[in-house]
Amino acid sequence: MNSALAVIVFDVNETLSDMSPMAERFTEVGAPAHLAKLWFATLLRDGFALAAAGSNATFAEIGAEVLRGLLPGAGIQADLEPAVKRILAGMRELRPHPDVAPGVRSLRTAGYRLVTLTNGSAEVAEKLLAPAGILDQFERLLSVEDAPAWKPDRAAYRYAADACATDPGEMMLVAVHPWDIHGAAQAGLGTAWINRTGAKYPTYFAAPDVTVASLTELPEALGAPADR
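First, a word on scope: everything that follows refers to the structure included in this document. (Residues numbered from 1 in each chain as written. Predicted model: local features only at pLDDT ≥ 70, side-chain atom pairs only at ≥ 80, totals over all residues. Heavy atoms only, no water.)

1. Some thoughts on the sheet that holds strand β5 (residues 140-143)
The strand order β5-β4-β1-β6-β7-β8 describes an open sheet built from 6 strands, whose pairing is parallel. Only two strands of the sheet have a single neighbouring strand rather than two, namely β5 and β8 (210-212). This sheet shows a mean twist of 25° between the axes of neighbouring strands, independent of strand direction. Lying over the sheet, helix α6 (residues 122-129) contacts β4 (113-118) and β5, oriented at roughly 140° with respect to β5. (Pairing = 2+ DSSP bridges. Helix = DSSP H or I, 4+ residues; strand = E, 2+ residues; numbered from the N terminus. Axes fitted to C-alpha atoms, helices over the stretch in contact; angles between N-to-C directions. Contact = heavy atoms within 4.5 Å.)

Shown next, in the form of structure tokens:
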């Protein structure tokens, strides 16, 4: 493990936040629960496509437009805009996975600087972390809204390095998404994959430096006590 590691960068959506309640938002507006996963995957796809083409849009903008395309197929037309607003509001009410708060506190106690880097907004990250009592553990809440492009474009990770006044080689990205791990590795960051589901890591992406089943395992994997 890199002994110079100083800053740990957290992805937010799904990595820190439990997004399973979003399925209920879809059922509340009369759409099938499984549409929540399709919505998020389509949102990411379109965000990545814009970044690859040298363009940009916010998570909320893309998310709303994707919903306007998906919901009519589920029979929602007359109340489309209220449904879009209801679903998007759910992103601000998500809570962290159970392993997040103790893992974050252990990493901060071990002396690491902690920041977030999300393809969403910094406001949503704040609303996730503050109720959990761990907002003060983070030095900065970074968003690609202030970067040249979405993750996994290298420019997003370089933006984080510049914001933290740190060399990318002294940083580690923590994420559940292999595409995020790959992008960070290409930008020169160390990487830690949280595999809560026991999934197989895709071989076409750069392998993570560290793999753990929960965030509470990461401090020990980095050479620090798991709970202090």
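2. Some points on the environment of Trp193
Note on placement: Trp193 falls in strand β7 (residues 190-194). By relative accessible area, Trp193 is classed as buried at 6%. For the pair Trp193 and Ala207, spaced 14 residues apart in sequence, the C-alpha to C-alpha distance is 8.9 Å. Those residues in contact with Trp193 that sit more than four places away from it in its chain are Ala175, Val176, His177, Pro178, Ile181, Ala199, Lys200, Tyr201, Pro208, Val210, Thr211 and Val212. (Buried < 20%, exposed > 50% of the residue type's maximum accessible area, 1.4 Å probe, protein only.)

3. A closer look at helix α5 (residues 100-109)
When we look at burial in α5, the residues that qualify are Val100, Ala101, Gly103, Val104, Ser106 and Leu107. Those residues of α5 that are buried lie in contact with β1 (7-10), β3 (95-96), β4 and α9 (218-221). Note on α5: the residue one or two positions beyond its end, Gly111, has a positive phi of about 100°.

4. Description of unusual backbone geometry
Outside of glycine, negative phi angles account for most residues, and trans bonds account for most peptide bonds. Cis geometry is adopted by the peptide bond preceding Pro152, which originates at Lys151 and carries an omega value of 10°. Among the structural elements, Pro152 can be located in the loop between β5 and α7 (154-163). Backbone geometry places Glu14, a non-glycine residue, at a positive phi of 75°. Of note, Glu14 is situated in the loop between β1 and β2 (17-18). Given the relative accessible area of 30%, Glu14 is considered partly exposed. With phi around 50°, Ala165 is a residue other than glycine that occupies positive phi space. Residue position: Ala165 is located in the loop between α7 and β6 (171-175).

5. Comments concerning the pattern of salt bridges
Here the idea is simple: oppositely charged side chains can pair when their charged atoms come close. All chains considered together, the criterion is met by 10 salt bridges. Here Glu81 ties to Arg68 by a salt bridge, and the two come within 2.8 Å at their closest N and O atoms. Taken together, the residues Glu81 in helix α4 (residues 80-89) and Arg68 in helix α3 (residues 59-70) connect sequence positions 13 residues apart. Note that Arg196 is salt-bridged to Asp99, the shortest N-O span being 3.1 Å. Of this pair, Arg196 sits in the loop between β7 and β8 while Asp99 sits in the loop between β3 and α5, and the two are 97 residues apart along the sequence. (Salt bridge = Lys/Arg side-chain N within 4 Å of Asp/Glu carboxyl O.)

These results come straight from atomic positions and should not be treated as a statement about function.
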